[in-house]
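Listed below, chain by chain, are the residues.
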Amino acid sequence: MRRSWTIGQQLAVGFGLPILLIIGLGLFSFRTSHQQVDTARRVAHTHEVIADIVDVLSLVKDAETGQRGFIISGADEFLTPYRTAVDHVNRELTELGLLYASSPRQQARFEVLQGLVREQVLKLGDPIAVRQRDGLEVAAKLVAIGEGKRRMDEIRRITREMIDEERAALAERATEAEQAAAWHSNVVGFGTVGTIVLALLAATVVMRTLDRQIGSSVQSLQSASSELQAAATQQARGAKGQVSSSVEASATMRELVATARQIAESAQRVTLVATDNATAARAGEQTVVAARTAIETVKQQVDRIVGHMLELGRRSQDIGAIVDLINELSEQTNILAINATIEAAGAGDAGRRFAVIADEIRRLADRVGGSTKDIRSLIEEVRGAANTSVMATEDGAKAADACARQFVEMSVSFSRIAGSVESTADASREIELSTRQQSTAVEQASTAIAEVAQTARETDASAAQMLETAVQLTSLARQLAALIRRETAA
Amino acid sequence: MSWRSVAVVRAKLRELGRAFDDGFALPEPDRTSQAVLLLGVRTGHAQFAVQIADLAGVHPSGWVARLPGGPPGLLGLAGVRGKLRAVYHLGHLLGVKSAAEAPRWLLLARYGEGVAFAVDEVDAHLRAQADEIIPREGARPGERVGWVLEQGTRRLAVLDIGSLLSTIEQGAARGPRVR
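Residues numbered from 1 in each chain as written. Chains lettered and ligands numbered in written order. Predicted model: local features only at pLDDT ≥ 70, side-chain atom pairs only at ≥ 80, totals over all residues.

Chain B appears in an unreviewed UniProt entry as CheW-like domain-containing protein from Chondromyces apiculatus DSM 436.

So, in structure tokens, the structure goes:
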């Protein structure tokens, strides 16, 4: 997969490589300059060392020359160089010793030279003192010994070696400086050319790449700006429709809020009614329980009445048995009376009065029989009434039982009604609470819809602004495309 | 017992007491009148009247010993006042469908020694004038129901005990039934 570089990366690479080369060249130049400075410093040091050696040698020579002039002439003015040399030789030696601190070989020579110079300066004073004390000849003999000359020759040899070595180092450093300068010139020259070539190459590559990528991006920008313009137009229409819908929804939500409040008030009334119904249901349940107790009492009374009625039936049967007995007696009396009548009839006139008595007995028996029939009828009526009463009372007892069961069922129903009414009250309370929450939620939703409407209006304005921006962007994309094509063509 | 029944019973008692007391206050009946005494009986669903003069007595029907192979209508023999009597079912003799239960009373015939007629009920003691007993229309002489008692709305056939006895005697003369 080909990696696509960003414009920043391309520019960084395009400018970075020449800059790195320039930095490298700069560092190289700095290093080379620093080396050249160091070489120059060492050359200057070498020259200084040579100058110091020459100065030391010159001081020794001045001292020797002054000594010889004084010995020859005896004039003190010839001792001035000698005294100057004596005064400055130690300082010069010290400076020269400091300059040789880094070279062991030259340090060794310097140590020898330092001893010789000090000794030479010190020994030069002896002939001077002899001249002042013993005169010219003694002093000349002392000088003629040649000890000073030997030291002087040794000093010249050592100083020559030191100067030669310094000059050799100087020549070597000059060679190094020339080589370094040539290398610096080559590097800087080729580096500068390479940097220019690399910069041109990077600029070409970056320009072509940017031309290609920016051209594609500009085309995409044109397409995107056109689509953005279309989308902005559509969004503007949608925002207008959203504003209208939001206004309608806000009105609907306000109506919904009013309806929810009405529902909440209705639910509250339902709760109150349900509470009253629950109280009434409980009162009804207590009334039913009392009525059931009363019915139980009535049932017990009815049972007692049934018992009394059954007892009455049994007593009626007893009375009927007695009446049967009386009827039987009357019937037998009647039969006896009939037989008496028959016997009286058989007795003729003698039995006539007996027949009258027998007839009275028979009629009494008839009346008793008729009365027993009436009484039996009455008893039957009583028994029938008792049986009817018993059946009616049993029906009443059954009705009381049924009524008691119905009261039990009614009590259960009232309990259920009370429970249902309480459940209804609870449910209505929950409905009321839910409706209030719903009302609050609807109010919040109404507020949110109003905010949505406001947002839709802002969106409408933003859409219009975005449409204008899209148009400007489209124009800008066209201008950019024209600019790129013109630059590419150029 | 309701207060109404108690009142009815008390009224009956008062009525019985008053009738009993009135019985002593009534004048003696006319001994010269020719009243006919009759006894109203019922066998099955039919009612008849029997002249008391034809009867020797009325007796409860007790245990009747059956006589296998006897004449038609003969229920058996019963002991009445120390004598054996042949007990005939009156309804059977008259061709009346008898009730399911056994007869309760025995009518002892005055002139037929040893014969009694079993009836279901003795339900009336009747006193009639002679002109209230009239011959039945179309009745032939010697028929068992030849007279009719007409007394107001009451109309009862009057049995001829003698004719019944004759029928029994004729049946007894023909001998026992052959099965």
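This is not the end of the story, as more comes after the structure.
## Quick word on the overall build of chain A
On a plain count of helices and strands, chain A comes out with six helices and zero strands. Ordered by position in the sequence, the α and β elements of chain A form the string α-α-α-α-α-α. Counting all 490 residues of chain A, 20% fall into the buried class. Taking all contacts inside chain A whose residues are at least 6 apart in sequence as the whole, residues at least 24 apart take part in 86%. (Helix = DSSP H or I, 4+ residues; strand = E, 2+ residues; numbered from the N terminus. Buried ≥ 20, exposed ≤ 12 C-beta atoms within 10 Å, placed from the backbone. Contact = placed C-beta atoms within 7 Å.)

## Remarks on the overall build of chain B
Each helix and strand in chain B was counted, giving three helices and eleven strands. The linear arrangement of helices and strands in chain B, starting from the amino end, is α-β-β-β-β-β-α-β-β-β-β-β-β-α. Within chain B, the fraction of its 179 residues that count as buried is 28%. For chain B, long-range pairs separated by at least 24 residues make up 53% of all intrachain contacts whose partners lie at least 6 apart in sequence.

## Quick notes on the interface of chain B and chain A
Counting residues at the interface gives 23 residues for chain B and 18 residues for chain A. Contributions of two or more residues to the side of chain B that touches chain A are made by α1 (3-25), β1 (36-43), β3 (55-60) and β8 (121-128) of chain B. Here the side of chain B that touches chain A gets eight residues from one element, more than from any other, and that element is α1 of chain B. Residues of the side of chain B that touches chain A, tallied by class, amount to 15 nonpolar, five polar and three charged. (Nonpolar A, V, L, I, M, F, W, Y, C, P; charged D, E, K, R; others polar.)

## So, the sheet that holds strand β4 (residues 74-80) of chain B
Residue and element names in this part refer to chain B. Strand order in the open sheet made by the five strands is β3-β6-β7-β5-β4, with mixed pairing throughout. The outermost strands of the open sheet, each flanked by one partner alone, are β3 and β4. Looking at each pair of strands side by side, their axes are set apart by 30° on average, direction ignored. One ladder, built from four bridges, connects strand β6 (residues 105-109) with strand β7 (residues 115-119); its direction is antiparallel. For Trp105, the partnering residue across the bridge sits in β7 and is Val119. (Pairing = 2+ DSSP bridges. Axes fitted to C-alpha atoms, helices over the stretch in contact; angles between N-to-C directions.)

## Things to note about the environment of Arg212 of chain A
Residue placement: Arg212 of chain A occurs in helix α5 (residues 147-346). Through-space distance from the C-alpha of Arg212 of chain A to that of Ile484 of chain A is 9.6 Å; in sequence the pair is 272 residues apart.

## Brief notes about the pairing of strand β11 (residues 154-159) of chain B
All names here are of chain B. Examined bridge by bridge, strand β2 (residues 46-51) and β11 share two bridges and lie parallel to one another. Across the sheet, Phe48 pairs through a bridge with Ala157, a residue of β11. Here strand β10 (residues 145-151) runs beside β11; their pairing, made up of six bridges, is antiparallel. When the sheet's bridge partners are listed, Leu149 is paired in β11 with Leu156. Linking β10 to β11, which pair antiparallel, is a turn of two residues; within it Gly152 sits at a positive phi near 65°.

## A short note on the packing of helix α3 (residues 104-134) of chain A against helix α4 (residues 136-144) of chain A
All names here are of chain A. Packing of α3 against α4 leaves a shortest axis separation of 7 Å and a crossing angle of 160°. When the axes of α3 and α4 are compared, the pair comes out roughly antiparallel. α3 and α4 meet at a crossing whose hand is right-handed. Contacts between α3 and α4 involve Asp126, Pro127, Val130, Arg131 and Asp134 from the former and Leu136, Val138, Ala139, Leu142 and Val143 from the latter. (Parallel < 35°, antiparallel > 145°, perpendicular 65-115°, else oblique. Left-handed = near helix turned anticlockwise from the far one by under 90°.)

## Here's the deal with the sheet that holds β11 of chain B
Residue and element names in this part refer to chain B. Ordered by their spatial adjacency, six strands build an open sheet running β8-β1-β2-β11-β10-β9, and the pairing between neighbours is mixed. A single partner strand is all that each edge strand has here, and the edge strands are β8 and β9 (133-135). Strand-to-strand twist in this sheet, taken as the mean axis angle between neighbours without regard to direction, amounts to 35°. Examined bridge by bridge, β1 and β8 share seven bridges and lie antiparallel to one another. Paired with Val41 across the two strands is Val122, which belongs to β8.

## A word on the packing of helix α1 (residues 7-73) of chain A against helix α2 (residues 79-99) of chain A
Residue and element names in this part refer to chain A. It is at 8 Å that the axes of α1 and α2 come closest, and there the two elements cross at 155°. When the interaxial angle is binned, α1 and α2 end up roughly antiparallel. Crossing handedness for the pair α1 and α2: left-handed.

## Examining the nonpolar core
Of all hydrophobic cores here, the largest spans 46 residues; its most connected members are Val50, Leu55, Tyr88 and Leu107 of chain B. Counting residues in hydrophobic clusters, the runner-up holds 26 residues, among them Leu99, Tyr100, Leu124 and Met162 of chain A. (Core = buried A, V, L, I, M, F, W, Y, C linked by C-beta atoms within 7 Å.)

## Remarks on the pairing of strand β5 (residues 83-89) of chain B
All names here are of chain B. Across the seven residues that make up β5, a large majority, five, are buried. Two strands pair when backbone bridges link them, and β4 and β5 are joined in this way by six bridges, in the antiparallel orientation. Bridge pairing in β5 links Leu77 to Ala86. Linkage of β4 to β5, two consecutive antiparallel strands, is achieved through a turn of two residues, within which Arg81 is found at a positive phi near 50°.

## Here we look at the confidence of the model for chain B
Residues and elements named next belong to chain B. Taken residue by residue, chain B gives an average pLDDT of 83. The fraction at 70 or more is 90%. Ranking the elements of chain B by mean pLDDT puts α1 last with 80 and β7 first with 93. The ipTM value of the predicted complex is 0.83, and its pTM value is 0.44. (pLDDT = per-residue confidence, 0-100.)

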